[in-house]
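Chain by chain, the residues:
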Amino acid sequence: MILQRRPAPARRERWALWLLLPITSWQVLFYLTPAVFLLMASFWVMREYRLTPAWTLQNYRVFFQEFMYLKAYVLSLGFATSTVLLTVLVAYPFAYALVFCVPPRVRLVALVAVIAPFWTNYLVRGYAWQTILANNGVLNYLLLRLGVISAPLDVLYTLTAARIGLVHFLLAIMTLILYSTLEGIDKSLLEAAADLGANRLRTFTEVIFPLGSGGLVAGSMFTFVLAFADFVSPAVLGGQAQRVFPQLVVDAVQWTVNWPQASAFAVVMVVTILGTIAIFGRWMRFAGFGRGIGQ
Amino acid sequence: MSAGVPPQAGARRLWAGGKGAGAPRLRGGRAEFLWDRILQGYLVLAYAFLFAPIAVTILSSFNADRFVALPWRGFTWHWYQQAVGNPGLLVGLRNSILVATAVGLTSVLLGFPGAYALTRAGVWWQDVFMLVMISPLAVPWILLGLGLLVFFNTVGIPKSLLTVWISHTVFSAPLAMLIIRGRLNTLRRSYEEAAWDLGASRLRALWEVVFPLSLPAVLGAFLLTFTLSFDEFLIAWIVSGFDVTLPVKIWAMMRSGINPTISAVGTIVFVFSITLSVVAQIVQRRGPTA
């Protein structure tokens, strides 16, 4: 979408660059400056409920020395990893089926139906999962009625419930990314594989999967960042026993009102995300990102 | 998708994306036929999972039982009456519409000139610039909200709907610019150049030729950024003061336990958002082709 091909510029209208000024000023003032403030505030302290400039590493020390925070951080990394793996497991067959099993006539409708859940508010979706996963919820009601279980499952207010809510949120994103990659694979390659006697499985493992790996890595990276930083699903569906890192950040912002502490945590999150992007970036080059895309 | 389709037809449909007569013929054995059925079954399950929350929301908003969505205890409008009669929700709704309208307008006002500049100035760094500009959409919003909170507090702007408007515009304006740029890229430049040749100034041609031609994208961008702002919770929660938006109010209601009124509000918001999106699509499709 960003790197669209455009018609060759007939005349270069340099004066038009002035029109970039309003939006650039807005973003410098309200995006870059706050980012700098966030970094600075992570070295400040809170005195009498006021942000007070100081240059201390105390806020970072808290992160490394208090077990609660490190534990939540590690928990978050694991939570995000398992969520992304689960999302891939659900999304890959979904995208595959959309590309290879759904006739082109109804393809558009099928794709719109994938993003339809986005039209509900994320909070309301969380609330819906509460009513589905609760002890007296829809899932337990149906399973009990069908005789699959004899006692209601205790799912709500655990990390499993949070993971279900999050997978639901990430599924649409991952499926669309995988769909566009798989859809872009040159069909004559599949034909060649068939002519050479490969069955479905072999065509998948030796042609489709390698060519689609770029989209897989890109989608995993994007969803990992979203899963790692998500607050709503763990807060609404998770329990009090296992709280993830973003929940502690929000605690520091909203409840204890210790913004410098929250800022230090935020910087830790930014570093983690940049690290993730670096790791996935290397992997992406390894996977030959873009080979599967384009005709 | 009836089960009676012979294996051959099923296999041919598999690569239906190919070109008509020259569509590749694949080996269509029994295993492949079974494989197709399994995938179709999987599609049904995946869609059931995707639509489960919406279905449950709508179901529980009409169910007379206060505590569960199922079993069904009879139809009621009660939760909708509760929602419409709740002054806190109505104030939240008004605030959300106010903020979302301001965000939509500001985004288009900032985004249109920016998009025009990028498509016409012909600078080599435009793609990089665009990437940097839309990065607020990829940055976790908890970080965006916290940074803005610290900034507003230090500079001395009190938390209010004003700060929510500023914050939401940070991720909405670049999105509007992206959408409008897509339209401007496909627009033939000869219309504009004809206006210049006929003696119109650059700005007059921009206002009287380019702007009307990109109106579908401008309206589409307005509606999309409106919806984004209307639905956004986390940043609004962090930077709003006593005047809260609808999602923040919903959050407060959710903290006080199970209440089907939330489902009723959720259903209303769902219908509202889906209508806006459909209108945005129709508006973008129509308009003069260029």
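Residue positions are given per chain, counting from 1 as you read along its sequence in written order. Labels follow written order: the first chain is A, the first ligand is 1, and so on. Since the coordinates come from a predicted model, pLDDT governs what is reported: local features require at least 70, and pairs of side-chain atoms require 80 or more to be given and counted, while whole-chain, interface and lining totals use all residues.

**Q** What am I meant to see in the overall build of chain B here?
**A** To qualify as a helix, a DSSP run of H or I must reach at least 4 residues; to qualify as a strand, a run of E must reach at least 2; elements of each kind are numbered from the N terminus. A tally of regular secondary structure across chain B gives 13 helices and zero strands. Secondary structure elements in chain B, listed N-terminal to C-terminal, are α-α-α-α-α-α-α-α-α-α-α-α-α. Burial analysis of chain B (290 residues in total) assigns 44% to the buried set. When contacts within chain B are restricted to residue pairs at least 6 apart in sequence, those whose partners lie at least 24 apart make up 74%. With C-beta atoms placed from the backbone, a residue is labelled by how many other C-beta atoms lie within 10 Å of its own: buried for 20 or more, exposed for 12 or fewer, partly exposed between the two. Our contact criterion uses C-beta atoms placed from the backbone: two residues qualify when those atoms are within 7 Å.

**Q** Any chance you could explain the overall build of chain A here in plain terms?
**A** Along chain A, the regular secondary structure elements total twelve helices and two strands. Expressed as lengths along the three principal axes of its C-alpha atoms, the size of chain A is roughly 75 × 75 × 35 Å. Sorting the 295 residues of chain A into buried and exposed places 43% on the buried side. Sequence separation of 24 or more characterises 75% of the internal contacts of chain A that already satisfy a separation of 6 or more.

**Q** Could you clarify how one ought to interpret unusual backbone geometry in this entry?
**A** Outside of glycine, negative phi angles account for most residues, and trans bonds account for most peptide bonds. Residue and element names in this part refer to chain A. In this model, E48 sits at a positive phi of 50°, which is unusual for a non-glycine residue. Here E48 is to be found in the loop between β1 (45-47) and β2 (50-52). The backbone of V257 sits at a positive phi, close to 45°, despite the residue not being glycine. Positionally, V257 belongs in the loop between α11 (245-255) and α12 (259-286).

**Q** What is the right way to look at the interface of chain A and chain B in this model?
**A** Taken together, the contact pairs 76 residues of chain A with 83 residues of chain B. Here the side of chain A that touches chain B takes twelve residues from helix α1 (residues 21-41) of chain A, the largest share from any one element. Among the residues making up the side of chain A that touches chain B, the classes are represented as 57 nonpolar, eleven polar and eight charged. Note that Gly is not counted as nonpolar here; it falls among the polar residues with everything else outside the nonpolar set of Ala, Val, Leu, Ile, Met, Phe, Trp, Tyr, Cys and Pro and the charged set of Asp, Glu, Lys and Arg.

**Q** I tried to follow the confidence of the model for chain A on my own but got confused; where do I start?
**A** The predicted structure's coordinates, where accompanied by low pLDDT, should not be read in detail. All names here are of chain A. pLDDT measures the predictor's confidence residue by residue and takes values from 0 up to 100. For chain A, per-residue confidence averages 90 on the pLDDT scale, and residues scoring 70 or more make up 93% of the total. Mean pLDDT per element in chain A: helix α8 (residues 187-195) is the minimum at 88, and α1 is the maximum at 97. In this model residues 290-295 is a low-confidence stretch, pLDDT under 50, and it forms 15 contacts with partners more than four residues away in sequence or in other chains.

**Q** Explain the environment of G241 of chain B here, please?
**A** Residue and element names in this part refer to chain B. Mapped onto the elements, G241 comes out in the loop between α11 (234-239) and α12 (246-255). Residue G241 is classed as exposed on the basis of its 12 C-beta neighbours within 10 Å. With 81 residues separating them in the primary sequence, G241 and S160 have C-alpha atoms 4.9 Å apart.

**Q** Looking at this model, I keep getting lost on the packing of helix α8 (residues 190-197) of chain B against helix α9 (residues 202-213) of chain B. Mind explaining?
**A** Relative placement of two packed helices is described by the angle separating their axes and the distance separating the axes. Residues and elements named next belong to chain B. Axis geometry follows a simple rule: fit a line to the C-alpha atoms, using only the stretch in contact for helices, then measure angles between N-to-C directions, giving values from 0 to 180 degrees. Contact pair α8 / α9: the axes reach a minimum separation of 10 Å and the direction vectors enclose 160°. Accordingly, the angle class assigned to the pair α8 and α9 is roughly antiparallel. Crossing of α8 against α9: the hand is right-handed. In this structure, α8 contributes Y191, E192, A195 and W196 to the contact, and α9 contributes A205, V209, V210 and L213. Under this scheme an angle from 65 to 115 degrees is roughly perpendicular, one under 35 degrees roughly parallel, and one over 145 degrees roughly antiparallel; angles in between are oblique. For a crossing to be left-handed, the near helix must be turned anticlockwise from the far one by less than a right angle; the clockwise case is right-handed.

**Q** Explain the domain arrangement of chain B here, please?
**A** Interfaces are often sized by the accessible area lost when the parts come together. Residues and elements named next belong to chain B. Here chain B is described as being made up of domain 1 (7-76) and domain 2 (86-285). Placing a centre on the C-alpha atoms of domain 1 and another on those of domain 2 gives a separation of 34 Å. For the side of domain 1 that touches domain 2, the per-class residue count stands at three nonpolar, four polar and one charged. Boundaries of every domain are those given by an automatic assignment or by a domain database.

**Q** What exactly am I supposed to notice about the environment of K159 of chain B here?
**A** Residue and element names in this part refer to chain B. Along the polypeptide, K159 turns up in the loop between α6 (141-155) and α7 (161-186). Sequence separation between K159 and S277 is 118 residues, and the spatial gap between their C-alpha atoms is 30 Å. Beyond its immediate stretch of four places on either side in the chain, K159 contacts F152, V239, S240 and G241.

**Q** I'm lost on α9 of chain B in this one. Help?
**A** Structural remark: α-helix, 3.6 residues per turn; residues separated by three or four positions point the same way. Residue and element names in this part refer to chain B. How far a helix is expected to stretch is found by multiplying one less than its residue total by 1.5 Å. In this model, α9 (twelve residues) spans 15 Å end to end at C-alpha, consistent with the 16 Å of a helix rising 1.5 Å per residue. Among the residues making up α9, those that are buried are A205, L206 and V210. Looking down the long axis of α9, one finds its buried residues gathered within 100° of arc, a one-sided arrangement. In this structure, α9 carries R204 and W207 as exposed residues pointing more than 90 degrees from its buried face. Buried-residue contacts for α9 involve α4 (87-121) and α8. Here the arc refers to the directions that run from the helix axis out to each C-beta atom.

**Q** Please explain the packing of α1 of chain A against α7 of chain B as it appears in this structure.
**A** Two elements in contact, α1 of chain A and α7 of chain B, have axes whose closest approach is 10 Å; the angle formed by their N-to-C orientations is 140°. Relative to α7 of chain B, the crossing made by α1 of chain A is left-handed. From α1 of chain A, I23, W26, Q27, F30 and Y31 of chain A reach across to α7 of chain B, where they touch I166, T169, V170, A173 and M177 of chain B. In terms of residue class, the contact of α1 of chain A with α7 of chain B is made up of eight nonpolar, two polar and no charged.

**Q** Would you take a moment to explain the confidence of the model for chain B for this structure?
**A** Residues and elements named next belong to chain B. Averaged over chain B, the pLDDT score is 87; the fraction of residues at 70 or greater is 89%. The secondary structure element of chain B with the lowest average pLDDT is helix α1 (residues 7-14), at 42, and the one with the highest is α11, at 97. Reported confidences for the modelled complex are a pTM of 0.88 and an ipTM of 0.89.

**Q** What's the story with helix α13 (residues 260-285) of chain B in this structure? I'm lost.
**A** Taking 1.5 Å as the rise per residue, α13 of chain B with 26 residues should run 38 Å; its terminal C-alpha atoms sit 38 Å apart, in good agreement. Every buried residue belonging to α13 of chain B is among P260, T261, I262, S263, A264, V265, G266, T267, V269, F270, A280 and Q284 of chain B, and all of these are buried.

**Q** How do you make sense of the nonpolar core when you look at a structure like this?
**A** Among soluble globular proteins, nonpolar side chains are generally buried collectively. Nonpolar cores are built from buried Ala, Val, Leu, Ile, Met, Phe, Trp, Tyr and Cys residues. These are joined into a set through C-beta atoms within 7 Å. Residues V249 of chain A together with L146 and I180 of chain B are the most contacted members of the largest nonpolar core, which totals 155 residues. Viewed by domain, this core spans two of them, domain 1 (7-76) and domain 2 (86-285) of chain B, each represented by three or more residues. With residues near it in sequence (within four places) discarded, V249 of chain A still touches A262, F265 and A266 of chain A together with I142 of chain B.

**Q** Even after reading the chapter, I still don't get the environment of T56 of chain A, so can you show me in this structure?
**A** Residues and elements named next belong to chain A. Here T56 shows up in the loop between β2 and α2 (58-65). With eleven residues separating them in the primary sequence, T56 and V45 have C-alpha atoms 7.9 Å apart. In this structure T56 touches F43 and V45, once residues within four positions along its chain are discounted.

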